[in-house]
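Each chain, written out:
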Amino acid sequence: MEDITLNPTIEQSWKGVLKDEFSKDYFLMLKELLVEEKKQSIVYPPVSLIYNAFNQTPFNQTKIVVLGQDPYHGPNQAHGLCFSVPKGVPVPPSLKNIFKEINNDLGLPIPSHGNLEGWARQGVLLLNATLTVRAHQAGSHQNKGWEQLTDAAIIKLSEQRQNIIFMLWGAYAQTKAKLIDSQKHHILIAPHPSPLSAYRGFLGCKHFSKANRILNDNGMRPVNWSID
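Note that the structure is a prediction, hence the values are computed from the model and not measured. (Residues numbered from 1 in each chain as written. Predicted model: local features only at pLDDT ≥ 70, side-chain atom pairs only at ≥ 80, totals over all residues. Heavy atoms only, no water.)

Chemist: Before we move on, can you summarise the overall build of the chain with the specific residues and values?
Modeler: Scanning the chain for helices and strands turns up eight helices and six strands. Mapped from its N terminus to its C terminus, the chain presents α and β elements in the order α-α-β-α-β-α-α-β-β-α-β-α-β-α. For 228 residues, the compact-globule estimate of 2.2 N^0.38 gives 17 Å, and the C-alpha radius of gyration of the chain, at 17 Å, lies within 12% of that figure. Each principal axis of the C-alpha atoms in the chain carries an extent, and together these give about 45 × 35 × 30 Å. Looking at the chain alone, contacts between residues at least 24 apart form 67% of all its contacts between residues at least 6 apart. Total accessible area computed for the chain in this model is approximately 10300 Å², and 50% of it derives from carbon and sulfur atoms. If you average the places of the 23 positive and of the 19 negative side-chain charges in the chain, the two averages end up 5 Å apart. (Helix = DSSP H or I, 4+ residues; strand = E, 2+ residues; numbered from the N terminus. Rg over C-alpha atoms; globule rule 2.2 N^0.38 Å. Contact = heavy atoms within 4.5 Å. Areas by Shrake-Rupley, 256 points an atom, 1.4 Å probe, with all protein chains shown as cover. Lys, Arg positive; Asp, Glu negative; His and termini not counted. Charge placed at Lys NZ, Arg CZ, Asp CG, Glu CD.)

In structure tokens, the structure reads:
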């Protein structure tokens, strides 16, 4: 198995920012957990895609952060970007609602697939708090150490960058607001886009047009939210 601990395959700017985390006790224990997990069960996403969010969106290019909680736990779904699925995989319900809101907000057509890599390459960090999951067992790798790493990433962005837009959808994502300096950054809050809560305020939140206005006001290129 690839050594994800001492020499993780992660984009260089993020590797520099997070290098101290990779030698901490929690991360060493996390590696041991994953080695054992892979002996007895299937783990998603594949090892090569665990750090996909970081690899697609370098630290110094991050303009927007979308926070998820857990990777998808079904076959072929998780590829290291929150809410995203590879082309050819059915679009999950929460992502359908995200596309519905983009359509309502910006008038863009509903995409034919759910691969959000195009957003990631424009500076949208699609970060799950937990980066792996056991197949068919949602939340199975929560509270094992991943959250310390992803919290560290959020803190580094807050400390070392400015005018980043954090989209916090749902109660869990909103717990991360305490890690973000709201004097330097922009925090957009809405209910989660899942079918259980989307109609409580996610639909109609207009986060996508709001984010582009903020980017424009700060002299940054707006995001093209169309993915087809």
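The discussion continues.
Chemist: Please set out helix α2 (residues 25-40) residue by residue, giving values where relevant.
Modeler: A turn of α-helix holds 3.6 residues, and therefore any two residues three or four places apart point the same way. Compared with an ideal rise of 1.5 Å per residue, which puts 16 residues at 22 Å, α2 spans 23 Å between its outermost C-alpha atoms and is within 8% of the ideal. Turning to α2, its buried residues number three or more, namely Tyr26, Phe27, Leu30, Leu34 and Glu37. All buried residues of α2 fall inside an arc of 90° around its axis, so they share one side. Of the exposed residues in α2, those oriented more than 90 degrees away from the buried face are Asp25, Met29, Glu32, Lys39 and Gln40. (Expected span 1.5 Å × (residues − 1). Buried < 20%, exposed > 50% of the residue type's maximum accessible area, 1.4 Å probe, protein only. Arc of directions from axis to C-beta.)

Chemist: I'd like to hear about the pattern of salt bridges, residue by residue, with values.
Modeler: Enumeration over the complete set of coordinates arrives at four salt bridges. In this structure, Glu21 and Lys24 form a salt bridge, with 3.0 Å as the shortest nitrogen-oxygen distance. Owing to a relative accessible area of 38%, Lys24 belongs among the partly exposed residues under this scheme. A salt bridge links Lys176 to Asp151; its shortest N-O distance comes to 2.7 Å. Remark: Asp151 occurs in helix α6 (residues 146-160) and Lys176 occurs in the loop between α7 (171-174) and β6 (186-190); sequence separation between them is 25 residues. (Salt bridge = Lys/Arg side-chain N within 4 Å of Asp/Glu carboxyl O.)

Chemist: Describe in detail the packing of helix α4 (residues 93-106) against helix α8 (residues 207-217), supporting the description with residues and values.
Modeler: Two elements in contact, α4 and α8, have axes whose closest approach is 8 Å; the angle formed by their N-to-C orientations is 60°. What the angle tells us is that α4 and α8 run oblique. Residues Ile98, Glu101, Ile102, Asp105 and Leu106 of α4 lie in contact with α8, whose contacting residues are His207, Phe208 and Ser209. A per-class count over the contact of α4 with α8 returns four nonpolar, two polar and two charged. (Axes fitted to C-alpha atoms, helices over the stretch in contact; angles between N-to-C directions. Parallel < 35°, antiparallel > 145°, perpendicular 65-115°, else oblique. Nonpolar A, V, L, I, M, F, W, Y, C, P; charged D, E, K, R; others polar.)

Chemist: Please provide a residue-by-residue account of the nonpolar core, values included.
Modeler: Side chains of nonpolar character tend, in soluble globular proteins, to be buried together. Leu18, Phe54, Ile64, Trp119 and Met167 are the most contacted members of the largest nonpolar core, which has 70 residues in total. Apart from the residues within four sequence positions on either side, Trp119 is in contact with Ile98, Phe99, Ile102, Val124, Leu126, Asn224, Trp225 and Ile227. (Core = buried A, V, L, I, M, F, W, Y, C linked by side-chain atoms within 4.5 Å.)

Chemist: Give me the lowdown on the confidence of the model for the chain, citing residues and values where you can.
Modeler: On average, residues of the chain score 95 in pLDDT, and 96% of them reach the 70 mark or higher. The low-confidence segment residues 1-6, where pLDDT is below 50, has 22 contacts with residues more than four positions distant or belonging to other chains. (pLDDT = per-residue confidence, 0-100.)

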